Amino acid sequence: KVHQEEFGWAWIENGNGAQGWVPLKVLERPALEVAKQFATLMDQNKYHEAGRLMSPTCRYLYQGKVIEGVEEILKIYINNYGIAEKELDEIQFSSEVVPTAVSGLFTLKYLDRIRKDTSWFEHRCEQKIKIAEGKVFQIEHHDLPGEQEKLRAWRLQVGILRGTES
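So, here is what we can say about the structure in this document. Here the structure is a predicted model, which is why all the values come from computation and not from measurement.

## Comments concerning the nonpolar core
Alright, step 1. Grouped together as the largest cluster of nonpolar side chains are 27 residues, with contacts concentrated most on F38, M54, I73, I129, V136 and I139.
Alright, step 2. Elements with a contribution of two residues or more to this core: helix 2 (31-43), helix 3 (47-51), strand 4 (54-62), helix 4 (70-87), strand 7 (105-116), strand 8 (119-132) and strand 9 (135-143).
Alright, step 3. Examining the composition of this core, we find that 6 residues originate from one element, helix 2, more than from any other.
Alright, step 4. Contact partners of I73, with chain neighbours within four places excluded, come to M54, C58, R59, Y60, I67 and I139.

## Here we look at the pattern of salt bridges
Alright, step 1. Within the structure shown, the criterion is met by 6 salt bridges.
Alright, step 2. E72 is paired through a salt bridge with K75; the nearest N and O atoms lie 3.0 Å apart. With E72 and K75 both in helix 4 and 3 residues apart, the pair spans about one turn of that helix.
Alright, step 3. You can call E72 partly exposed: its relative accessible area is 39%.
Alright, step 4. Overall, the relative accessible area of 49% leaves K75 in the partly exposed class.
Alright, step 5. E90 serves as the salt-bridge partner of R115, at 3.1 Å between the closest nitrogen and oxygen. Linking R115 in strand 7 with E90 in strand 6 (residues 90-99), this pair joins segments that are 25 residues apart in sequence.
Alright, step 6. A single network of salt bridges, built from pairs that share partners, joins R113, E122 and R124.

## Digging into the environment of L111
Alright, step 1. Along the chain, the position of L111 falls in strand 7.
Alright, step 2. For the pair L111 and S95, spaced 16 residues apart in sequence, the C-alpha to C-alpha distance is 5.9 Å.
Alright, step 3. Apart from the residues lying within four places of it in its own chain, the contact partners of L111 are Q92, F93, S94, E122, H123 and R124.

## Examining the sheet that holds strand 4
Alright, step 1. Across the sheet, 6 strands lie side by side as 5-4-9-8-7-6; this open sheet has mixed pairing. Either end of the sheet is taken by a strand with one partner, and the two such strands are strand 5 (65-68) and strand 6. Strand-to-strand, the axes of this sheet are offset by a mean angle of 20°, without reference to chain direction.
Alright, step 2. Summarising the sheet, strand 4 and strand 5 pair through 4 bridges and their orientation is antiparallel. Bridged to R59 within strand 5 is E68.
Alright, step 3. Its contacts with the sheet place helix 4 against strand 4, strand 5, strand 6, strand 7, strand 8 and strand 9, and it is angled at close to 55° to strand 4.
Alright, step 4. Where helix 5 (residues 147-157) meets the sheet, it contacts strand 7, strand 8 and strand 9, and its direction lies at approximately 145° from that of strand 8.

## A look at helix 5
Three- or four-residue spacings in an α-helix give side chains the same orientation, since the helix completes a turn every 3.6 residues.
Alright, step 1. If you check which residues of helix 5 are buried, you get E147, L151, W154 and R155. On an axial view of helix 5, the arc spanned by its buried residues comes to 100°, and they lie on one face. Those residues of helix 5 that are exposed and angled more than 90 degrees off the buried face are E149 and Q157.
Alright, step 2. Against the buried residues of helix 5 lie helix 4, strand 7 and strand 8.
Alright, step 3. After helix 5 finishes, the residue G159 shows a positive phi value of roughly 85°.

## Focus on the side chain of T107
Alright, step 1. Mapped onto the secondary structure, T107 falls in strand 7.
Alright, step 2. T107 gets classed as buried once you look at its relative accessible area, which sits at 5%.
Alright, step 3. Separated by 2.7 Å, the side chains of T107 and K128 make a polar contact.
Alright, step 4. Every residue in contact with T107, bar those within four places of it in the chain, is listed here: E96, V97, V98, T100, E126, Q127 and K128.

The rules behind the values
- Residues numbered from 1 in each chain as written.
- Predicted model: local features only at pLDDT ≥ 70, side-chain atom pairs only at ≥ 80, totals over all residues.
- Heavy atoms only, no water.
- Core = buried A, V, L, I, M, F, W, Y, C linked by side-chain atoms within 4.5 Å.
- Buried < 20%, exposed > 50% of the residue type's maximum accessible area, 1.4 Å probe, protein only.
- Helix = DSSP H or I, 4+ residues; strand = E, 2+ residues; numbered from the N terminus.
- Contact = heavy atoms within 4.5 Å.
- Salt bridge = Lys/Arg side-chain N within 4 Å of Asp/Glu carboxyl O.
- Pairing = 2+ DSSP bridges.
- Axes fitted to C-alpha atoms, helices over the stretch in contact; angles between N-to-C directions.
- Arc of directions from axis to C-beta.
- Polar contact = N/O pair within 3.5 Å; in protein donor to acceptor, adjacent residues only side chain to side chain.

Next comes the structure, spelled out in structure tokens:
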């Protein structure tokens, strides 16, 4: 049980009544564990649960914009899923978490399998996420070369159009 936190240290008491100061870092969940849980929750569309793994000051770099704050970031994910859910007959998400050479930085490799009528399409993208102090504090979306063009062509082929697309 943590009683007090000061300057990166916590005064704790264990189940046997022993007390003492320990570095807060010791109490943090490993960054890889956080990254895997975040990716899994996103795959399952459990956006608000994933939001609990984000720092309140989390930043999302997406399509040339910087979105700040958990609620604003979640709105993007929820809105995008809502649009896809209306347009498509089936959506399957999966991901792979790949550690990088930089501590706390991970690549999330996403695979979205989508279906309209009998036509299936696989769309891939990546996100770089930075984790510190047990929380996701930055998400950077990367469209892979050619993926958006292939997705657009498939959407045209199956008769799905959005807004300004023709």
